[in-house]
Amino acid sequence: LRFNPLHQKDDYRAAVAMARNALSQNAVVWWAADSETAGYYGLPVDTPKLIMFWPPSRRSLEALPNPEFVFLSKRDIYDADGSITEYLRRHSFKLKERLPAFTIWKTPLAHLQAD
């Protein structure tokens, strides 16, 4: 069912591949998207460097390990209060990639490639 073209717009497959690459380079990755779908496409959800959360809050984000990459899906769902967007702005993250339902952000200090 997940291979149905109706689901192609979310592009979890490409986002998961990019996140796995970043994790293989020992980067801390925040994943603000559906965890079950990520697991289905092969994201190693039990990896300590992968931080999966939803819903976020400003306080909870500051308590997490600093990410090198942030994978954010559908802001209206996974960042409804804008706390992730505010964190990205405050910490000068740059947009690395835009997929149909994801934006991938990287810290200016990240020397890794998430693709």
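The coordinates are above.
Residues numbered from 1 in each chain as written. Predicted model: local features only at pLDDT ≥ 70, side-chain atom pairs only at ≥ 80, totals over all residues. Heavy atoms only, no water.

1. Regarding the environment of Ile77
Then, number 1: Tracing the sequence through the fold places Ile77 in helix 4 (residues 75-78).
Then, number 2: When the C-alpha positions of Ile77 and Trp54 are compared, they lie 9.2 Å apart, and in sequence the two are 23 residues distant. (Helix = DSSP H or I, 4+ residues; strand = E, 2+ residues; numbered from the N terminus.)

2. With respect to the pattern of salt bridges
Then, number 1: One pass over the structure, following the stated rule, counts 3 salt bridges.
Then, number 2: Across the salt bridge formed by Glu86 and Arg89, the nearest N and O atoms sit 2.5 Å from each other. One end of the pair is Glu86 and the other is Arg89, both in helix 5 (residues 83-90) and 3 residues apart, which spans about a single turn.
Then, number 3: Its salt-bridge partner being Arg90, residue Glu86 comes within 3.5 Å of it at the nearest N-O pair. Separated by 4 residues within a single helix, Glu86 and Arg90 lie in helix 5, roughly one turn from each other.
Then, number 4: Each of Glu62, Glu86, Arg89 and Arg90 takes part in salt bridges that share partners, so that together they form one network. (Salt bridge = Lys/Arg side-chain N within 4 Å of Asp/Glu carboxyl O.)

3. Here we look at the sheet that holds strand 1 (residues 29-32)
Then, number 1: With mixed pairing, 5 strands are arranged side by side in an open sheet as 2-1-3-5-4. The open sheet has two free edges, formed respectively by strand 2 (50-52) and strand 4 (94-98), since each of these has just one partner strand. Strand-to-strand twist in this sheet, taken as the mean axis angle between neighbours without regard to direction, amounts to 20 degrees.
Then, number 2: By the bridge criterion, 4 bridges tie strand 4 to strand 5 (residues 102-106) in an arrangement that is antiparallel. Looking at strand 5, one finds that Glu97 is bridged to Ile104.
Then, number 3: Along the sheet, helix 1 (residues 12-24) contacts strand 1, strand 2, strand 3 (69-73), strand 4 and strand 5; its crossing angle with strand 1, the most-contacted strand, is approximately 160 degrees. (Pairing = 2+ DSSP bridges. Axes fitted to C-alpha atoms, helices over the stretch in contact; angles between N-to-C directions. Contact = heavy atoms within 4.5 Å.)

Fair warning: the whole summary comes from geometry, so function is off the table for now.
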